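So the chains spell out like this:
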Amino acid sequence: MQIRIAIIVIALVLVGVVAAIGLRTTSEQWHGYQQRYYKLAAQRTDNPAVKKAVRSAKLEIKQDIVKDFGKLRVDRCRTCHTAIDDPNFKTDSQPLRTHSAMHPHPFNEFGCTICHEGNGRGLTTADAHGTSHFWPEPLLVKPYIESSCVRCHSAPYPKGTPHLQRGERLFVQYTCVGCHTIQNVSRGKLGAELTDVGNRLKLKTIHAKIIDPKADVALSIMPTFTMPEVDRIDLVVYLKSRRGRAIIEDPISYRRHNKKWLATAAPEIPVNQTAGQNAFDRRGCLSCHKVAGTDGKLAPELTWLGRLRRADYVAEHLRDPRGHTPGSSMPTFYMSRSEREAIALYGQSLQQVSVPSQPAEQYKLLCVRCHGAKGDGKGLIAHNLVPRPRIFTNDRFFNWLPEQRAHTAIREGIAGTAMPPFKSILSMDQAKALFAHVRSEFIRKARPIRKSKRVIEPAPYGYSSAASSRGKGVFLKRCYGCHGRLGDGRGPNAPAMVPRPRNLRNHGFFARLTDARLYESIKYGIVGTGMPPWDMLTRNQRWDLIYFVRLLSKTGPAVKKGGQ
């Protein structure tokens with residue numbers, strides 16, 4: 001008896017499932033679209049045969065199987081978009097609207113998803129448009145649909161793609177070419193490769209990375225561009241078009257073309273100021289820097305560059321910005337030596353500066369861009385500088401810092417950072433007055449008298465590879481959490497620290513530091529920063545650490561002895 005009851009229950013459940021499926025099938029969304037289309041199509045034709053055919057048409061799933069363009073695709077888009085090729089529906093709303101002229105791209109040969117993306121097999125709006133968080137290719141709408149033209153068409157791009165073409169120009173104008181690699185387009189090595197970024201990332205992700213590069217990579221050195229939305233949209237259209245090899249291009253030709261392009265030498269130009277200025281403009285330098293009234297709001301002002309830096313300094317910086325100044329966010333442009341020298345020569349002509357007599361006005365002219373109007377280290381370009389500008393409101397640091405060092409930093413600059421030397425603009429008396437203004441304006445406390453004298457124990461022995469190896473052991477045990485295992489200032493604790501830990505590989509910065517100053521920083525820490533006093537270390541351990549830092553920064557005896 002129980003078996004019979006169980007069989008009856010199972011049978012009823014099956015009947016219910018079948019009924020539910022049947023009910024769902026008869027109420028499919030696309031049924032309503034097709035019924036509406038056939039009704040309107042019959043009303044809009046005067047041809048009796050067409051009218052009869054439309055009225056007798058059956059509801060069906062319409063699909064195109066496309067085999068000739070990349071991977072096999074099954075597109076069922078015309079199941080809902082039944083009027084896609086019916087000229088009588090040009091002014092109707094979607095999904096019953098005539099598609100714009102697509103000659104020579106017939107729908108039954110090309111399908112829809114090759115251009116619009118989305119899920120070609122889907123039969124509901126959500127499924128077909130790929131709005132699910134997990135679907136990798138959501139539906140593309142205007143103007144992003146232009147990015148799909150590159151699947152088959154290489155540059156110069158076809159008519160009807162104004163956003164794509166403008167985005168290509170913006171990729172150069174905003175100097176993206178200097179940081180990012182796109183095969184056959186750019187050779188940048190500083191940022192992520194973008195050759196196939198259109199396949200890897202969704203539109204909203206590309207948008208988000210341009211709006212705030214540090215949102216998902218806290219230590220990213222990509223500038224936060226203050227570009228208008230229209231520029232960002234067009235740039236995203238271009239980036240979305242980067243899908244690697246085009247469908248119509250065979251792999252051998254693609255690799256041969258790229259190899260030939262990579263072998264092309266950077267063009268030589270005349271080494272004079274006119275050619276240098278043209279190259280300066282062509283490279284989009286003003287997308288980041290400021291010269292007179294034009295300001296990219298991302299990098300140091302160059303209006304008086306010729307008063308601050310020699311031509312050879314500028315040319316060397318252009319050759320390898322990060323090698324020259326570790327932490328620099330300036331890209332390494334693929335340019336010839338003559339182009340670098342010409343730009344550097346043009347830079348020498350930029351000397352227009354009229355220094356006010358009052359320190360407060362000098363601060364506004366020379367310091368606000370980096371250190372901020374409030375001295376909080378949050379100037380206009382501060383977020384793009386590594387290391388960040390000093391925070392003048394940090395009274396603990398500046399009460400500890402010897403004033404002579406502050407005066408020297410203003411006059412001589414700080415090697416390995418964005419702090420330039422102002423010695424050709426400010427006299428020593430002016431530098432002292434400027435720092436006095438900083439203290440009175442932002443610190444607002446009298447400098448305390450240091451009561452205890454710091455003791456620097458002399459080195460018990462000279463440099464040796466054994467000493468630096470011991471120093472490395474101490475470093476990995478005590479220091480890597482902030483300074484990173486590579487000593488580049490990118491340890492796991494670094495993102496939360498203000499100021500950020502020092503990059504110990506910064507040759508320019510450490511070349512100016514004495515061993516005694518390094519010893520003092522290790523033993524007593526640096527007041528007002530995250531650097532604690534390591535008074536628990538022995539004298540030998542501190543000196544071993546110094547020798548290891550000298551090895552990392554290539555500023556010690558290890559360099560002379562052939563060390564790495």
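In what follows, the accompanying structure is described. Being a predicted model, the structure only gives us computed values, none of them experimental.

Scoring rules and cut-offs
- Residues numbered from 1 in each chain as written.
- Predicted model: local features only at pLDDT ≥ 70, side-chain atom pairs only at ≥ 80, totals over all residues.
- Heavy atoms only, no water.
- Helix = DSSP H or I, 4+ residues; strand = E, 2+ residues; numbered from the N terminus.
- Buried < 20%, exposed > 50% of the residue type's maximum accessible area, 1.4 Å probe, protein only.
- Contact = heavy atoms within 4.5 Å.
- Areas by Shrake-Rupley, 256 points an atom, 1.4 Å probe, with all protein chains shown as cover.
- Lys, Arg positive; Asp, Glu negative; His and termini not counted.
- Charge placed at Lys NZ, Arg CZ, Asp CG, Glu CD.
- Axes fitted to C-alpha atoms, helices over the stretch in contact; angles between N-to-C directions.
- Parallel < 35°, antiparallel > 145°, perpendicular 65-115°, else oblique.
- Left-handed = near helix turned anticlockwise from the far one by under 90°.
- Core = buried A, V, L, I, M, F, W, Y, C linked by side-chain atoms within 4.5 Å.
- Patch = residues over 30% accessible without salt bridge, like charges linked within 9 Å, V, L, I, M, F, W, Y side chains within 5 Å.
- Salt bridge = Lys/Arg side-chain N within 4 Å of Asp/Glu carboxyl O.
- Polar contact = N/O pair within 3.5 Å; in protein donor to acceptor, adjacent residues only side chain to side chain.

## Some remarks on the overall build of the protein
In terms of helices and strands, the protein carries 28 helices and 6 strands. Based on the C-alpha atoms only, the size of the protein along its principal axes is roughly 105 × 80 × 50 Å. For the protein, the residues scored as buried account for 43% of the 564 residues in total. Contacts spanning at least 24 positions in sequence make up 59% of the contacts within the protein whose residues lie at least 6 apart. Here the protein displays about 31,100 Å² of accessible surface, and carbon together with sulfur accounts for 57% of that area. Measuring between centres, the 87 positive side-chain charges of the protein sit 6 Å from its 46 negative side-chain charges.

## A closer look at the packing of helix H10 (residues 203-211) against helix H11 (residues 229-240)
Put simply, H10 and H11 touch, their axes get as near as 10 Å, and they point 125° apart. Considering their axes alone, H10 and H11 lie oblique with respect to each other. Note that H10 runs across H11; the crossing there is right-handed. Contacts between H10 and H11 involve Leu203, Ile206, His207, Ile210 and Ile211 from the former and Arg232, Ile233, Leu235, Val236, Leu239 and Lys240 from the latter.

## So, the nonpolar core
In terms of nonpolar packing, the biggest core is built from 27 residues, with Phe171, Ile210, Leu235, Tyr238 and Leu239 touching the most fellow members. Contributing elements (two or more residues each) for this core: helix H7 (162-173), helix H8 (176-179), H10 and H11. For this core, the element with the highest residue contribution is H11, accounting for 5 residues. Beyond its immediate chain neighbours, meaning those up to four positions away, Leu239 contacts Phe171, Leu194, Val197, Gly198, Ile206 and Ile210. With 22 residues, the next largest nonpolar core counts Trp304, Phe422, Leu434 and Val438 among its residues.

## Quick look at the environment of Gly471
Relative to the helices and strands, Gly471 is located in helix H23 (residues 465-478). Through-space distance from the C-alpha of Gly471 to that of Leu203 is 48 Å; in sequence the pair is 268 residues apart. For Gly471, the contacting residues outside a window of four places in its chain are Asp544, Leu545 and Phe548.

## Looking at the environment of Ala406
Looking at where Ala406 falls in the secondary structure, it is placed in helix H21 (residues 403-412). Residue classification places Ala406 among the buried residues on the basis of a relative accessible area of 6%. Ala406 sits 25 residues away from Ala431 along the chain, and the two C-alpha atoms are 8.7 Å apart. The residues contacting Ala406, other than those within four sequence positions of it, are Leu401 and Phe435.

## Focus on a positive patch on the surface
On the surface, Arg322, Arg388, Arg490 and Arg500 cluster together into a patch of positive charge. You can see Arg388 is positioned in the loop between helix H19 (368-371) and helix H20 (395-400).

## Description of the side chain of Lys62
Mapped onto the secondary structure, Lys62 falls in the loop between helix H3 (48-56) and strand S1 (64-66). Its relative accessible area of 18% is what places Lys62 among the buried residues. Within the structure, Lys62 has its side chain in polar contact with the side chain of Glu60 (distance 3.2 Å). The residues touching Lys62, leaving out its near neighbours within four places in the chain, are Gln34, Tyr38, Asp75, Arg76, Arg78, Thr79 and Thr82.

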